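Analysis of the macromolecular model
Below are the chains, spelled out letter by letter.
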Amino acid sequence: KFVDHLPFYRQIQRIARDYQWKIHKSTINSWFIAVCTLLEPLYEVHRQALFKADYLMADESKIKVLTQIPKDKEGKPKKAKDVKEKGSKQQLGWMWVVVDPISGRVVFEYDESRSTQAANRVLSNFIGRFLQTDGYASYNGVAAREDVDRLGCLAHVRRKFFDARNSDLQRAEHALAICKKIYEHDGKTVNMNPEQRKAYRLEHVAPLYQKLKDWADEQAVYVTPKSPMGKAMTYLQNQWPHLKTLFLDGRLHIDNNLIENTIRPLALGRKNYLFAGSHQAAQRIAMMYSFMATCKTQGINPFEWLANTLDKIADTKRSKLYTLLPGYDQSWEEEVDL
């Protein structure tokens, strides 16, 4: 379900077809809940380990969730246009995704909201310095902390100018050409260490950033603020302080495409199983995606990791649960400190 994006009902059909073994949906659901119950303490350890990182990326993606329809005074379900099943309706929820680009750890966490309060809750345990996000306002509270430097995303800036091509091709192509040069230069730093990368960026990339900003400031007076080009320029100007954060540390990424790639399996799964059965089920989905995505970044077979973990977790002391995390090695002993 979380790696190959097959809903339980399709797995049931395949097992019946290939093995002549009929399994009821409630049986698989009960197995899944039992597995998630066993893994919950490990998920909490996983979250604690991730939020000790100095540099995190964060993003959010929608997911549909079934909720109970409110009843009237007579106990009858109220009428609703979005009723999909008897006694339930679909509600839009959000998967908040946090990635440590250095270690490759990934945490999905579900919330009913995309609000500032939700962002503050999800990132409440972040004690690091750099937080990379898009320009979404819900992150403003976390980014405003005295010890946090918000890092912008050049890919989102580029996307705004790309979307403006149909209405202002000449200006859009000019901005995209500068972005292309920036990415070409940054691509040359892949095999550099952080110190070398920082020095190279300051010499070759920073002037191109400034060139793009100066051009946008000059041209902004000639475009309508609410036009696609005007919105692209405004986005660049608003994000400028956060874009410059890139030059403070050579470990930082030029964009948050890494986290968007991490979210892609959620999008594929969402097209297949359509919705979560409840808010609690959505959080279970978040937990499993956290483990499966981290297995992927660590180059670990998720089936083998899960089978090994379920075999050992009941006999593992809580203080040693971190030894079961995907990609664990002894160097974590001092780092995790749980």
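Here's what I pulled together on the structure shown here.

Cut-offs and rules
- Residues numbered from 1 in each chain as written.
- Predicted model: local features only at pLDDT ≥ 70, side-chain atom pairs only at ≥ 80, totals over all residues.
- Heavy atoms only, no water.
- Helix = DSSP H or I, 4+ residues; strand = E, 2+ residues; numbered from the N terminus.
- Buried < 20%, exposed > 50% of the residue type's maximum accessible area, 1.4 Å probe, protein only.
- Contact = heavy atoms within 4.5 Å.
- Areas by Shrake-Rupley, 256 points an atom, 1.4 Å probe, with all protein chains shown as cover.
- Salt bridge = Lys/Arg side-chain N within 4 Å of Asp/Glu carboxyl O.
- Bend = angle between axes of the 7 residues up to and from the residue.
- Phe/Tyr/Trp six-rings, centres within 6.5 Å; stacked < 30°, edge-to-face > 60°.
- Lys NZ or Arg CZ within 6 Å of the ring centre and 35° of its normal.

Looking only at helices and strands, the protein chain features 12 helices and seven strands. Burial analysis of the protein chain (338 residues in total) assigns 45% to the buried set. Taking the intrachain contacts of the protein chain between residues at least 6 apart in sequence as the baseline, contacts between residues at least 24 apart amount to 65%. Taken as a whole, the protein chain presents about 18100 Å² of accessible surface, with 51% of it coming from carbon and sulfur.

The tally for this structure, following the rule as stated, stands at 13 salt bridges. Across the pair Arg47 and Glu109 runs a salt bridge, and its minimum N-O distance is 3.1 Å. Here Glu109 lies in strand 4 (residues 106–111) and Arg47 lies in helix 2 (residues 25–50), a separation of 62 residues in the sequence. Residues Arg47 and Glu109 agree in their burial class; the two are buried. In this structure, Asp186 engages Arg201 in a salt bridge whose closest nitrogen and oxygen atoms are separated by 2.7 Å. Of this pair, Asp186 sits in helix 6 (residues 169–187) while Arg201 sits in helix 7 (residues 194–219), and the two are 15 residues apart along the sequence.

This next bit is on helix 8 (residues 228–243). Of all the bends in helix 8, the largest measures some 30 degrees and sits at Gln237, one to four residues before the proline Pro241. All of the buried residues in helix 8 are Met229, Gly230, Ala232, Met233, Tyr235, Leu236, Gln239, Trp240 and Leu243. Where helix 8 is buried, its residues touch helix 5 (154–163), helix 6 and helix 7.

Glancing now at the environment of Thr234. Along the chain, the position of Thr234 falls in helix 8. By relative accessible area, which is 32% here, Thr234 ends up partly exposed. The spatial distance from the C-alpha of Thr234 to the C-alpha of Ala216 is 8.5 Å, given a sequence separation of 18 residues.

Inspection of the entire model under this criterion finds 12 aromatic pairs. Taking the centre distance of 5.7 Å and the plane angle of 75 degrees together, the rings of Trp96 and Tyr139 count as edge-to-face. Of this pair, Trp96 sits in strand 3 (residues 88–99) while Tyr139 sits in the loop between strand 5 (130–132) and helix 4 (140–143), placing them 43 residues apart in sequence. Accessibility assignment for this pair places Trp96 and Tyr139 in one class, buried. Ring centres of Tyr322 and Tyr328 lie 5.8 Å apart, and the angle between their planes is 65 degrees; this geometry places the pair in the edge-to-face category. When its relative accessible area of 24% is taken as the criterion, Tyr328 is described as partly exposed. The cationic tip of Lys1 hangs over the ring face of Phe32; the distance from NZ or CZ to the ring centre is 5.9 Å. A cation over an aromatic ring shows up here: Arg114 above the ring of Trp94, its NZ or CZ 4.8 Å from the ring centre.

Taken by themselves, the reported measurements are silent on function.
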